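Close look at the chain arrangement
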Amino acid sequence: MATLLAAIDFSDVSERVLDEAVSAAKAYGCELVLMHVAAPGPEFVGYEVGPEVQRAARAEHLRAEHRWLQEMADRCGGRGVKTRALLVSGSTADKLVEEAGQLGASMVVLGSHGHGAVYNLLVGSVAGGVLKKSACPVLVVPARKG
């Protein structure tokens, strides 16, 4: 069975990404993998609060993100699409491209936040990074309906 990878960041555009991914997975008969890339953990140098407190807070945050992602996967399953949730940590664009390759994904679906050219020039965009590096088609869902 072919695999479709959908990037979920829990922003406003995530529901639109989910809808497009479910539609594409149904149309192509794909399994859907919902993937969230969590920010890498902080370095514990010079913090007043001990590292144990920081690690515990980060662990709880990651558990919450995984629950939210699994709830989304369960909703997709209820819509007739075989779906699983995947939570990883690292650089978002690099991890999406890496996982798409490892999964043999037929397509990546992700959202665009609609930042301007200056923002993208200075900071970059995840969508732009994935488009440049992906070996499979990428569907970019705009933040706003046109």
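Look above for the structure.
Reference entry: report on the structure contained in this document.

Once that is clear, we can look at the pairing of strand 4 (residues 107-111). Counted residue by residue, strand 4 has five buried out of five residues, so it is predominantly covered. By the alternation rule, side chains of strand 4 split into M107, V109 and G111 and V108 and L110, which are all buried. Judged from the three bridges that link them, strand 1 (residues 3-7) and strand 4 form a sheet pairing that is parallel. Residue pairing for strand 4: L4 is matched across the bridge by M107.

Let us now look at the sheet that holds strand 1. What the five strands build is an open sheet, ordered 3-2-1-4-5; its pairing is parallel. Among the strands making up the open sheet, the edge pair consists of strand 3 (83-89) and strand 5 (138-141). Neighbour-to-neighbour, the strand axes of this sheet turn through a mean angle of 20°, independent of strand direction. Both strand 4 and strand 5 contribute to a ladder of four bridges, which runs parallel. Its bridge partner being in strand 5, V108 is matched across the sheet by V138. Against the sheet, helix 5 (residues 126-133) engages strand 4 and strand 5, with an angle of about 165° to strand 4.

A positive phi angle, near 65°, is found at F10, a position not held by glycine. With respect to the helices, strands and loops of the structure, F10 is situated in the loop between strand 1 and helix 1 (14-28). Under the relative-accessibility criterion, F10 is labelled partly exposed at 26%.

This paragraph deals with the environment of E98. With respect to the element layout, E98 can be found in helix 3 (residues 92-103). Under the relative-accessibility criterion, E98 is labelled partly exposed at 37%. Note: C-alpha distance between E98 and K133 (35 residues apart in sequence) is 9.4 Å.

Now for the side chain of T83. Looking at the secondary structure, you find T83 in strand 3. The buried category is assigned to T83, whose relative accessible area is 19%. A distance of 2.8 Å separates a polar side-chain atom of T83 from the backbone oxygen of V81. Residue contacts for T83: discarding those within four places in its chain leaves L32, L34, A73, C76 and G77.

About the cut-offs
Residues numbered from 1 in each chain as written. Predicted model: local features only at pLDDT ≥ 70, side-chain atom pairs only at ≥ 80, totals over all residues. Heavy atoms only, no water. Buried < 20%, exposed > 50% of the residue type's maximum accessible area, 1.4 Å probe, protein only. Helix = DSSP H or I, 4+ residues; strand = E, 2+ residues; numbered from the N terminus. Pairing = 2+ DSSP bridges. Axes fitted to C-alpha atoms, helices over the stretch in contact; angles between N-to-C directions. Contact = heavy atoms within 4.5 Å. Polar contact = N/O pair within 3.5 Å; in protein donor to acceptor, adjacent residues only side chain to side chain.

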